[in-house]
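Single-letter residue listing:
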Amino acid sequence: MAGLVWIAIGLLGQALFTARFLVQWLASERAKRSVMPVAFWYFSIGGGLILLAYAIARHDPVFTIGQSLGVVIYARNLWLIRAERRSA
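Cut-off values and rules
Residues numbered from 1 in each chain as written. Predicted model: local features only at pLDDT ≥ 70, side-chain atom pairs only at ≥ 80, totals over all residues. Heavy atoms only, no water. Helix = DSSP H or I, 4+ residues; strand = E, 2+ residues; numbered from the N terminus. Buried < 20%, exposed > 50% of the residue type's maximum accessible area, 1.4 Å probe, protein only. Axes fitted to C-alpha atoms, helices over the stretch in contact; angles between N-to-C directions. Parallel < 35°, antiparallel > 145°, perpendicular 65-115°, else oblique. Left-handed = near helix turned anticlockwise from the far one by under 90°. Contact = heavy atoms within 4.5 Å. Phe/Tyr/Trp six-rings, centres within 6.5 Å; stacked < 30°, edge-to-face > 60°.

Asker: Where do I start with unusual backbone geometry in this structure?
Answerer: A negative phi holds for most residues other than glycine; trans holds for most peptide bonds. Of note, Lys32 is a non-glycine position whose phi angle comes to about 60°, a positive value. Here Lys32 shows up in the loop between helix H1 (2–31) and helix H2 (38–57). Even without glycine at this site, His59 takes up a positive phi of about 55°. As for its position among the elements, His59 is in the loop between H2 and helix H3 (61–87). The exposure class of His59 is exposed, given its relative accessible area of 69%.

Here you go:
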């Protein structure tokens, strides 16, 4: 049963991670240019954190390291966006 729960968690994380590409694609299509909406970073960090939890639960060091780095990068991008908005 616990294995199925972690599979469901992993699939949720992957779905959020995939949603970020859909959000970016739709925003770019609307703008008729490449855009990176803030929602992209929120989906990235949400999916990344869930996939990190999944990787840790599965004891997968390669996946854990990869997701850890990604989460740091996504958080930094959100921090930079917030700082830019505050200064504007």
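Let's pick the thread back up.
Asker: Help me understand the packing of H2 against H3 in this model?
Answerer: Angle between the axes and distance between the axes are the two parameters that describe a pair of packed helices. One can describe the packing of H2 onto H3 by two numbers: an axis separation of 9 Å at closest approach and a directional angle of 155°. Judged by the inter-axis angle, H2 sits roughly antiparallel to H3. Relative to H3, the crossing made by H2 is left-handed. Residue-level contacts link Val38, Trp41, Tyr42, Ser44, Ile45, Gly48, Leu49, Leu51, Leu52, Tyr54, Ala55 and Ile56 of H2 to Phe63, Thr64, Gln67, Ser68, Val71, Tyr74, Ala75, Asn77, Leu78, Ile81 and Arg85 of H3.

Asker: Explain the environment of Met36 here, please?
Answerer: Along the chain, Met36 falls in the loop between H1 and H2. Classification of Met36 as partly exposed rests on a relative accessible area of 43%. C-alpha of Met36 to C-alpha of Gln67: the two residues are 31 residues apart in sequence and 20 Å apart in space. Sequence-distant contacts of Met36, defined by excluding residues within four places in its chain, comprise Gln24 and Trp41.

Asker: Can you help me understand the packing of aromatic side chains in this one?
Answerer: The description of two aromatic rings rests on the distance between their centres and on the angle between their planes. On inspection of all chains with the given rule, the structure shows 5 aromatic pairs. On the numbers, 6.5 Å between centres and 80° between planes, the contact of Tyr54 with Phe63 is edge-to-face. With a relative accessible area of 26%, Phe63 lands in the partly exposed category. Counting every residue linked through ring pairs, the aromatic cluster contains Phe17, Phe21, Phe40, Trp41 and Tyr74.

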